[in-house]
Amino acid sequence: MESLEEKTRFIMKKYGISANKSLGQNFLINDEVVSNIITASEISKEDLVIEIGPGLGTLTESLLQNAGKVIAIELDERMIKILKDRFFMYENFELINDDVLKVDLAQLIKKEKEINNLKNAKIVANLPYYITTPIIMKLLEEELDIESITVMIQKEVADRIIAIPGEEYSGAITYSVYYYAESESIMIVENNSFIPEPEVQSEVIKLKIRKSPVVELKNKDLFFKIIKISFMQRRKTLINALVNGGIIKDKIVAKEIFEKLGFDINIRGEKLSMQDFARLCEYVK
Ligand code: SAM
């Protein structure tokens, strides 16, 4: 039987495709990784799966065999013909030729779940790395009616996403993701699992959307603004970052607030937990 690598090279040759680096095209050629992604995403025939960036259709094929319906969103027109040729016989397949960042996913999911009587929506993808963070933040911030997100991303971003807020490796994205989802690492993926090989290491992670928020926030916008400002100036103390960022009027007021909260006046943002930031938010507003 031909390997996934041979099959991928064959499709690329047949359609005259060379990977477009600026679209983050690194095609998966490792069967074990494909099967681990499918297992981790826990897809059933009751699920709607949205695949972002199907490319040549490597993951798509397995998704179609396991899901109730698959909607694949691909920006590169060259892939559309390939995907149509490969999967026209699947009745549960739909293709959208667009930039995922511009697609109204909330509307799409609502409509599909109603029409096809599907129970859950899940996102599965080998993401284009040049827009990993905007895609993940769109999926979370739009508070979509989805159960989970299983994605391959760059390991350095995965490290931040699966970090615990206030502990090693945490960054602004750690707090944002933690607010919306529980995260876990599924596997580290070697560079030679792709054509062409990416310049960075990869990791598959799974985000399970929380049913209730991990902290109660009265002002979510302010909470995330404070976090963003704290991490934009990570070398500064939190007080300096908040004053420079216009969150607190001056250092005297900042010190008073920190004393009331029991925070060390020299503390840096990355040492604060979600609850600490939520308490700070209450005083700052
Ligand atoms: N799923 C395929 C695989 O695993 O072999 C391809 C993954 S490749 C890392 C990323 C895919 O995302 C490419 O097919 C690329 O064309 C597509 N892509 C890039 N930017 C996109 C965007 N803004 N919206 C939708 N798809 C995009």
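For the structure, check the block above.
If you're wondering where the values come from, they're calculated on a predicted model, not measured in any experiment. (Residues numbered from 1 in each chain as written. Predicted model: local features only at pLDDT ≥ 70, side-chain atom pairs only at ≥ 80, totals over all residues. Heavy atoms only, no water.)

A. Structural view of the pairing of strand 5 (residues 120–126). Here strand 5 lies mainly inside the structure; six of its seven residues are buried. As defined by bridge partners, strand 2 (residues 47–52) adjoins strand 5 across six bridges and the pair is classed as parallel. Across the sheet, the residue bridging to Leu48 is Ala121, located in strand 5. Bridge count between strand 5 and strand 6 (residues 148–154): five bridges; the pairing is parallel. Looking at strand 6, one finds that Val124 is bridged to Thr150. Read from strand 5 through helix 6 (residues 132–141) to strand 6, the crossover connection turns out right-handed. (Buried < 20%, exposed > 50% of the residue type's maximum accessible area, 1.4 Å probe, protein only. Helix = DSSP H or I, 4+ residues; strand = E, 2+ residues; numbered from the N terminus. Pairing = 2+ DSSP bridges. Right-handed = clockwise from strand over helix to strand, strands pointing away.)

B. Broad picture of the site of the ligand. The ligand sits among 22 residues. The nearest are Gln25, Gly53, Glu74, Asn126 and Tyr130. Between the ligand and the protein, one listed contact pairs an oxygen atom with a backbone N or O atom of Gly55 at 3.4 Å. Contacts to the ligand include Asn126, whose side-chain N or O atom sits 2.8 Å from an oxygen atom. Taking 600 Å² as the accessible area of the ligand by itself, protein coverage stands at 99%. For the shell around the ligand, the elements supplying multiple residues, two or more each, are strand 1 (27–28) and strand 3 (69–74). Its residues assigned to classes, the shell around the ligand shows eleven nonpolar, six polar and five charged. (Near = heavy atom within 4 Å. Polar contact = N/O pair within 3.5 Å; in protein donor to acceptor, adjacent residues only side chain to side chain. Areas by Shrake-Rupley, 256 points an atom, 1.4 Å probe, with all protein chains shown as cover. Nonpolar A, V, L, I, M, F, W, Y, C, P; charged D, E, K, R; others polar.)

C. Examining unusual backbone geometry more closely. Of the consecutive residues Ile195 and Pro196, the connecting peptide bond is found in the cis state with omega at -15°. Tracing the backbone shows Pro196 in the loop between strand 8 (194–195) and strand 9 (202–209). Even without a glycine there, the phi angle at Glu143 is positive, about 45°. Relative to the elements of secondary structure, Glu143 occurs in the loop between helix 6 and strand 6. Judged by relative accessible area, Glu143 falls into the exposed class, the value being 51%.

D. Fine view of the layout of surface pockets. Of the voids in this model, the largest pocket is the one considered here, and its volume is about 360 Å³. Taken together, 19 residues line the largest pocket, and the ones lying closest to its centre are Leu144, Tyr180, Ile209, Arg210 and Lys211. Elements that contribute at least two residues to the lining of the largest pocket include exactly strand 5, helix 6 and helix 8 (172–180). Per-class residue counts for the lining of the largest pocket are nine nonpolar, two polar and eight charged. (1 Å grid on protein atoms, 1.4 Å probe; cavity = no way out; pocket = protein on both sides within 12 Å on 5 of 7 lines; lining within 4 Å. Points joined across faces, edges and corners; volume = space filled by probe spheres on them.)

E. Quick look at the packing of helix 6 against helix 8. Close contact between helix 6 and helix 8 brings their axes to 10 Å; oriented N to C, the two are set at 30°. By the angle between their directions, the pair helix 6 and helix 8 is classed as roughly parallel. Seen from above, helix 6 lies across helix 8 with left-handed handedness. Contacts between helix 6 and helix 8 involve Thr133, Ile136, Met137, Leu140 and Glu141 from the first element and Ile173, Ser176, Val177 and Tyr180 from the second. (Axes fitted to C-alpha atoms, helices over the stretch in contact; angles between N-to-C directions. Parallel < 35°, antiparallel > 145°, perpendicular 65-115°, else oblique. Left-handed = near helix turned anticlockwise from the far one by under 90°. Contact = heavy atoms within 4.5 Å.)

F. Just the packing of aromatic side chains, in detail. Throughout the structure, instances matching the rule amount to ten aromatic pairs. Centroid distance Phe223 to Phe224: 5.1 Å. Interplanar angle 80°. Geometry classified as edge-to-face. Overall, the relative accessible area of 1% leaves Phe223 in the buried class. The exposure class assigned to Phe224 is buried, which follows from its relative accessible area of 17%. The ring of Tyr178 is capped by Arg210, whose NZ or CZ atom sits 4.7 Å from the centre of that ring. (Phe/Tyr/Trp six-rings, centres within 6.5 Å; stacked < 30°, edge-to-face > 60°. Lys NZ or Arg CZ within 6 Å of the ring centre and 35° of its normal.)

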